[in-house]
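Residue-level listing of the chains:
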Amino acid sequence: MQPFVLIAEDEHSLVELLSYNLEAEGFRVDAVMDGSEVMARLDEELPDLLLLDWMLPNLSGIEICRQIRRKTDFRNLPVVMLTARGAEDDRIRGLDAGADDYVPKPFSVNELMARLRAVLRRTRPILAEQRIVRGAIELDLGTHKVTRNGEEVHLGPTEFRLLQHFMEHAGRVQSRGQLLDAVWGRDAEVEERTVDVHIRRLRKAMNDGDAPDIIRTVRSAGYAFEAPSP
Ligand code: CA
C-alpha cells in the first residue's frame, strides 16, 4: 500500500519539489494551496500524513492544526509543520498546537524526508515496515534488508536506494539524470558517471550466475530494472 501524503503549501515550486521527492520514495501525493480548503480535503480522504505550511492564505497552518486536533476523526493524523519562522517560541507554538514535528525553512529535502519517515515510523509503524517485492527480489524498507530467492544480499546505502528506486519503477527506463535526482537528491553535486559506478556495484551484488541481468542497459537512454523470476 502506498502511503498518502497531503501537502498544504501555497508556494508552487516547493509543492513541486516535495511532490517529486515524495513520489520518488513511493508516496502518493496531493496538494492543497489554500488554508480554507484543507479541512474539506481531509474530510474527503484522510492522508497518512499532512505536511502543513504555517503561512497559508485564508487560514493559517497553526489554526488548521488546532482544528485537526479538536476533531475526533483527525486527532491521530500525523502532522509535520513547515515554516519560514525558525524562532524557538514559534517551534514551541507549533508543537503546542499539536504538530508531530516542525521543520523550519529553508530545509534540506533529505532531512525533511528523514523527519517524515521518522514521524511515520512512530505513528504508522505498518507503513514504515513496508516491503517491496518484485519477482525473486524482496526489499524491506524498515530493516533495509534485501533478499534474492530468500537469501540475504548485502548492499551499501546508495545501492539500496538505487535498487529501491528501480523496484518502484520496475520496467521503466530511468535516465542517469533521473537516478541522480532520485537517489542523490536534486542539489547534489554528483557526476553522471558516478551513477554507472553504483550500478556496477549493484549488479555485482544482486546478479545471480547466468540468470539475466536485473538492470538492463538501454543505449543512450539509461537503465531499467527487470524483475527476475523466482
Ligand atoms: Ca506559505
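Here, the structure is the one placed above.
This is a predicted model, so every value here is computed, not measured.

**Section: the pattern of salt bridges**
- Per the counting criterion, the structure on display carries 18 salt bridges.
- Where R66 meets E63, a salt bridge forms, and the shortest distance between an N and an O atom there is 3.6 Å. Of this pair, R66 and E63 both sit in helix α3 (residues 61-70), three residues apart, which is roughly one turn of the helix.
- On the accessibility criterion, E63 (24% relative accessible area) is partly exposed.
- For the salt bridge of R115 with E111, the shortest nitrogen-to-oxygen distance reads 2.5 Å.

**Observations concerning the packing of aromatic side chains**
- Going through the model one piece at a time under the given rule, you end up with one aromatic pair.
- Ring centres of W54 and Y102 lie 6.3 Å apart, and the angle between their planes is 90°; this geometry places the pair in the edge-to-face category. Here W54 is found in the loop between β3 (49-53) and α3, whereas its partner Y102 is found in strand β5 (residues 101-104), with 48 residues between them in sequence.
- What makes W54 buried here is its relative accessible area of 2%.
- On the basis of relative accessibility, which here comes to 3%, the residue Y102 falls in the buried class.
- It is R28 that lies over the ring of F4; its NZ or CZ is 4.3 Å from the centre.

**What about α3?**
- By the burial criterion, the buried members of α3 are G61, I62, I64, C65, I68 and R69. Down the axis of α3, the buried set is contained in an arc of 160°. They therefore lie on one face.

**Description of the packing of helix α7 (residues 157-168) against helix α9 (residues 192-206)**
- It is at 9 Å that the axes of α7 and α9 come closest, and there the two elements cross at 85°. Accordingly, the angle class assigned to the pair α7 and α9 is roughly perpendicular. Together, T158, E159, L162, L163 and F166 of α7 and H198, I199, R201, L202 and M206 of α9 make up the contact between the two elements.
- Class assignment of the residues belonging to the contact of α7 with α9 gives a composition of six nonpolar, two polar and two charged.

**Overview of the nonpolar core**
- Counting residues in hydrophobic clusters, the biggest one holds 23 residues, and the most contacted among them are L163 and F166.
- Broken down by secondary-structure element, the contributors of at least two residues to this core are β7 (137-140), α7, α8 (176-184), α9 and β11 (222-225).
- Ranked by the residues each element gives to this core, the list is headed by α7, at five residues.
- Contact partners of L163, with chain neighbours within four places excluded, come to I137, L139, V146, L155, L202, M206, I214 and F225.
- Residues M39, L42, C65 and Y102 belong to the second largest nonpolar core, which totals 21 residues.

**Some words on the sheet that holds β5**
- The strand order across the open sheet built from five strands is β2-β1-β3-β4-β5, with neighbouring strands paired in parallel fashion. Two strands close off the open sheet at either side, each with one partner strand: β2 (28-32) and β5. For this sheet, the mean angle separating the axes of adjacent strands, direction not counted, is 20°.
- Direction of pairing for strand β1 (residues 4-8) relative to β3: parallel, over a ladder of four bridges. Counted as the bridge partner of L6 is L50 from β3.
- Where α3 meets the sheet, it contacts β3 and β4 (79-83), and its direction lies at approximately 170° from that of β4.

Reading the values: the criteria
Residues numbered from 1 in each chain as written. Predicted model: local features only at pLDDT ≥ 70, side-chain atom pairs only at ≥ 80, totals over all residues. Heavy atoms only, no water. Salt bridge = Lys/Arg side-chain N within 4 Å of Asp/Glu carboxyl O. Helix = DSSP H or I, 4+ residues; strand = E, 2+ residues; numbered from the N terminus. Buried < 20%, exposed > 50% of the residue type's maximum accessible area, 1.4 Å probe, protein only. Phe/Tyr/Trp six-rings, centres within 6.5 Å; stacked < 30°, edge-to-face > 60°. Lys NZ or Arg CZ within 6 Å of the ring centre and 35° of its normal. Arc of directions from axis to C-beta. Axes fitted to C-alpha atoms, helices over the stretch in contact; angles between N-to-C directions. Parallel < 35°, antiparallel > 145°, perpendicular 65-115°, else oblique. Contact = heavy atoms within 4.5 Å. Nonpolar A, V, L, I, M, F, W, Y, C, P; charged D, E, K, R; others polar. Core = buried A, V, L, I, M, F, W, Y, C linked by side-chain atoms within 4.5 Å. Pairing = 2+ DSSP bridges.

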